[in-house]
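# Tertiary structure, described
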Amino acid sequence: MVSSNRTATQLMIIARPNQSASWHANLLVLLALSIPVLGVAIVFAVLGAWLILPFAGLELLALGAALYHVQRKQQCRHVITLSNESVRIDKGDNAPRRSWRLARHSAGLTITAEEHPWEGPRLLVHDRNESVTLGEFLNREDSLKLIDLLAGEIRVRAHGARTLLEF
C-alpha cells in the first residue's frame, strides 16, 4: 500500500506491504484451529495414545510462530520524505531502523523492469554517494503508484530490458 501526505514544505510517502489480516484475526484463526486439533488429541490421549498431545501442541506452536513471523514482516515501512533540500528515506517497522538522507538536487530514481508480469518494477533512489532500494514488498499496482509519486518530484533514470515509463 502506498499513501502520501503533502504539506507546503514537503511530501511524505509511506509504502507498506498489503495486510490481509490483522494480528487479532490471526489469533482467531489459531483459536479456531486449536479447538479441533486439541479435541482430537485429547480423545486419542484418553484412548491411550497420549503421545499425540505433544505433537498437537508443537503443531499449534509452529502455526502460531509462523503467523507471528508473517505479521511482523507486514509491519515494515518505507517512509520517503521529500523536502526542498533533501530526500530522506527511513526503513523500519515501529520505528526507523535505517535512515538515509540524499541531496535533492542530485537525487535520481532508477526503475528496472519486472522479470514477471505479476511483479512490480524495482525502484532505486540514488545520489552521487549512495543508493537505496524502495518497495521490495510492493505489488505491481503499488509500485506504479510509488513511481508516479516519485517521478513528479525527482528526475527519473530508467534502464532494463522492459522499462515501464508511462508518465
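Before reading further, recall that the structure is shown in the block above.
Since this is a predicted model, take the numbers as computed values, not measurements.

### Remarks on the overall build of the protein chain
When you go through the protein chain residue by residue, the secondary structure sums to three helices and nine strands. Listing the helices and strands of the protein chain from first to last along the sequence gives β-β-α-α-β-β-β-β-β-β-α-β. Rg of the C-alpha trace for the protein chain: 22 Å, well past the compact-globule value of 15 Å for 167 residues, more than 25% over. The C-alpha extent of the protein chain, read off along each of the three principal axes, is 75 × 35 × 25 Å. By the burial criterion, 34% of the 167 residues in the protein chain qualify as buried. Sequence separation of 24 or more characterises 50% of the internal contacts of the protein chain that already satisfy a separation of 6 or more. Summing over all exposed atoms, the protein chain offers an accessible surface of approximately 10,400 Å²; the carbon and sulfur share of this is 60%.

### Thoughts on the packing of aromatic side chains
Inspection of the entire model under this criterion finds one aromatic pair. Judged by centre distance (5.7 Å) and plane angle (80°), the rings of Trp 23 and Tyr 68 are edge-to-face. Of the two residues, Trp 23 is situated in helix H1 (residues 23–46) and Tyr 68 in helix H2 (residues 52–73); the sequence distance between them amounts to 45 residues. Tyr 68 gets classed as partly exposed once you look at its relative accessible area, which sits at 46%.

### A look at the pattern of salt bridges
Counting across every chain of the model gives eight salt bridges. The partner of Asp 93 in a salt bridge is Arg 97, and the shortest N-O contact between them spans 3.1 Å. Judged by relative accessible area, Arg 97 falls into the exposed class, the value being 62%. A salt bridge links Glu 115 to Arg 122, with the shortest nitrogen-to-oxygen separation between them at 3.2 Å. The exposure class assigned to Arg 122 is partly exposed, which follows from its relative accessible area of 40%. One continuous salt-bridge network, built from bridges that share partners, spans Arg 6, Arg 104 and Glu 153.

### Let's talk about the pairing of strand E5 (residues 96–103)
In terms of strand pairing, strand E4 (residues 86–92) meets E5 through seven bridges, oriented antiparallel. From the neighbouring strand, Arg 88 faces E5, where its bridge partner is Arg 101. Turn length for the E4-E5 hairpin, with the two strands adjacent in sequence and antiparallel, is three residues.

### Some remarks on the sheet that holds strand E2 (residues 10–15)
Read from one edge to the other, the open sheet built from five strands follows the order E1-E2-E3-E4-E5, with strand pairing classed as antiparallel. Every interior strand has two partners, whereas the edge strands, strand E1 (2–6) and E5, have only one. Pairwise comparison of adjacent strand axes, ignoring direction, gives a mean angle of 15° for this sheet. Its contacts with the sheet put helix H3 (residues 140–151) on E1, E2 and strand E3 (77–83), and the angle it makes with E1 is roughly 20°.

### Thoughts on the environment of Asn 129
Position of Asn 129 among the secondary structure elements: in the loop between strand E7 (122–126) and strand E8 (131–134). The sequence separation of Asn 129 and Leu 102 amounts to 27 residues, and the corresponding C-alpha distance is 8.3 Å.

### Quick look at the environment of Arg 6
Structurally, Arg 6 is set in strand E1. It is 9.7 Å that separates the C-alpha atoms of Arg 6 and Thr 81, two residues lying 75 residues apart in sequence. Each residue touching Arg 6, except ones within four places of it in the same chain, is listed here: Leu 11 and Glu 153.

### Structural notes on a nonpolar patch on the surface
A contiguous nonpolar patch, built from Leu 38, Val 40, Ile 42, Phe 44, Val 46, Ile 52 and Leu 53 and spanning about 590 Å² of accessible area, is present on the exposed surface. Sorting the residues of the nonpolar patch by element identifies H1 and H2 as the ones contributing at least two each. Looking at the nonpolar patch, the element that brings in the most residues is H1, giving five residues. For Leu 38, the location among the structural elements is in helix H1. Given the relative accessible area of 35%, Leu 38 is considered partly exposed.

Quick notes on the rules
- Residues numbered from 1 in each chain as written.
- Predicted model: local features only at pLDDT ≥ 70, side-chain atom pairs only at ≥ 80, totals over all residues.
- Heavy atoms only, no water.
- Helix = DSSP H or I, 4+ residues; strand = E, 2+ residues; numbered from the N terminus.
- Rg over C-alpha atoms; globule rule 2.2 N^0.38 Å.
- Buried < 20%, exposed > 50% of the residue type's maximum accessible area, 1.4 Å probe, protein only.
- Contact = heavy atoms within 4.5 Å.
- Areas by Shrake-Rupley, 256 points an atom, 1.4 Å probe, with all protein chains shown as cover.
- Phe/Tyr/Trp six-rings, centres within 6.5 Å; stacked < 30°, edge-to-face > 60°.
- Salt bridge = Lys/Arg side-chain N within 4 Å of Asp/Glu carboxyl O.
- Pairing = 2+ DSSP bridges.
- Axes fitted to C-alpha atoms, helices over the stretch in contact; angles between N-to-C directions.
- Patch = residues over 30% accessible without salt bridge, like charges linked within 9 Å, V, L, I, M, F, W, Y side chains within 5 Å.

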